[in-house]
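Close look at the chain arrangement
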Amino acid sequence: MHFDETYIYHVFNRSNETVFYTAENYLFFIKKIRKHIYPFCDILAWCLMPNHFHFLIQANDKSVKLTMEKHRPAIQQLSKNLGTALSSYSQAINKERKRRGSLFAHSTEAKQLTLQGNEYVKNCFFYIHQNPLKAGLVKKLEDWDYTSFPDYAGFRKGTLCNKNLAYEIIDFEKESFYEQSYAVIDEKHLQGLY
């Protein structure tokens, strides 16, 4: 993955199997994100699903900084830290579940959205929050704990997202956020998110 400073990215990874089995697994993964990702970009939205995850992030000067190691070529700090977070989470789940091999079957992708226009950023923001509802895991968006939706809707005081930056970048009204979150997203905009 390559990040350019100040661009917005949809970062995601899908697995062919379950990656989050228990509430503790979800919370452990969030701790990994807080440690390895949060200091190196601005998180605008996130959602963890049983077999995949989504983050909407804005890269910054810390994201793109190159880290040098003897045993491999220079790599951007955010790319390195994403790998570290996923690897360490996978190792813990493998130990817990007495399993072997890669937990995440696919490579993590970072789709740059900014160049496609702000409408894609806005749609991705709402799409990320709609994932649990569309998957039939909940009947109301606020019933899924592993997403930033409750933070924006005022049901929780989460600190993982830079909400002020999201309000500035994404054109949505705080007062009608809940209603906007249920709006159907145009299929053509969904195709541009991956």
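Presented here is an overview of the structure given in this document. (Residues numbered from 1 in each chain as written. Predicted model: local features only at pLDDT ≥ 70, side-chain atom pairs only at ≥ 80, totals over all residues. Heavy atoms only, no water.)

**Digging into the overall build of the chain**
- On a plain count of helices and strands, the chain comes out with eight helices and six strands.
- For the chain, the succession of helices and strands along the chain, N to C, is β-α-β-β-α-β-β-α-β-α-α-α-α-α.
- Whereas a compact globule of 194 residues would reach a radius of gyration of roughly 16 Å, the chain reaches 16 Å, a difference of no more than 12%.
- Its C-alpha atoms put the chain at 50 × 35 × 30 Å along the principal axes.
- Split into buried and exposed, the 194 residues of the chain put 49% on the buried side.
- Sequence-distant contacts, at least 24 apart, represent 71% of the contacts inside the chain between residues at least 6 apart.
- Carbon and sulfur atoms form 51% of the exposed surface of the chain, whose accessible area is close to 10100 Å².
- A distance of 10 Å separates the average location of the 25 positive side-chain charges in the chain from that of its 21 negative side-chain charges. (Helix = DSSP H or I, 4+ residues; strand = E, 2+ residues; numbered from the N terminus. Rg over C-alpha atoms; globule rule 2.2 N^0.38 Å. Buried < 20%, exposed > 50% of the residue type's maximum accessible area, 1.4 Å probe, protein only. Contact = heavy atoms within 4.5 Å. Areas by Shrake-Rupley, 256 points an atom, 1.4 Å probe, with all protein chains shown as cover. Lys, Arg positive; Asp, Glu negative; His and termini not counted. Charge placed at Lys NZ, Arg CZ, Asp CG, Glu CD.)

**Points about a negative patch on the surface**
- Together, E119, D171, E173, E175, D186 and E187 line one region of the surface with negative charge.
- Turning to its location among the elements, D171 is positioned in the loop between α6 (163-169) and α7 (177-181). (Patch = residues over 30% accessible without salt bridge, like charges linked within 9 Å, V, L, I, M, F, W, Y side chains within 5 Å. Salt bridge = Lys/Arg side-chain N within 4 Å of Asp/Glu carboxyl O.)

**Let's talk about the packing of aromatic side chains**
- By the definition in use, this model includes 28 aromatic pairs.
- Between the aromatic rings of Y89 and F104, the centroid separation amounts to 6.5 Å while the plane-to-plane angle is 50 degrees, which identifies the pairing as tilted. With a gap of 15 residues between them, Y89 in helix α3 (residues 77-97) and F104 in the loop between α3 and β6 (109-112) connect regions that are remote in the sequence.
- Classification of F104 as buried rests on a relative accessible area of 8%.
- A centroid spacing of 6.0 Å and a plane angle of 85 degrees characterise the contact between Y152 and Y167, whose relative ring orientation is edge-to-face. With Y152 in helix α5 (residues 149-153) and Y167 in helix α6, this residue pair connects regions lying 15 residues apart in the sequence.
- Connected via pairs of aromatic rings, a cluster forms that spans F20, Y26, F28, F29, F53, F55, Y89, F104, W144 and Y146. (Phe/Tyr/Trp six-rings, centres within 6.5 Å; stacked < 30°, edge-to-face > 60°.)

**A closer look at the pattern of salt bridges**
- For the structure on display, the rule yields four salt bridges.
- Across the salt bridge formed by R99 and E17, the nearest N and O atoms sit 3.0 Å from each other. Taken as a pair, R99 in the loop between α3 and β6 and E17 in the loop between β1 (8-14) and α1 (23-36) lie far apart in primary sequence, 82 residues in all.
- Among the residues examined, R99 registers a relative accessible area of 18% and is labelled buried.

Function cannot be read off these values alone, since they describe shape.
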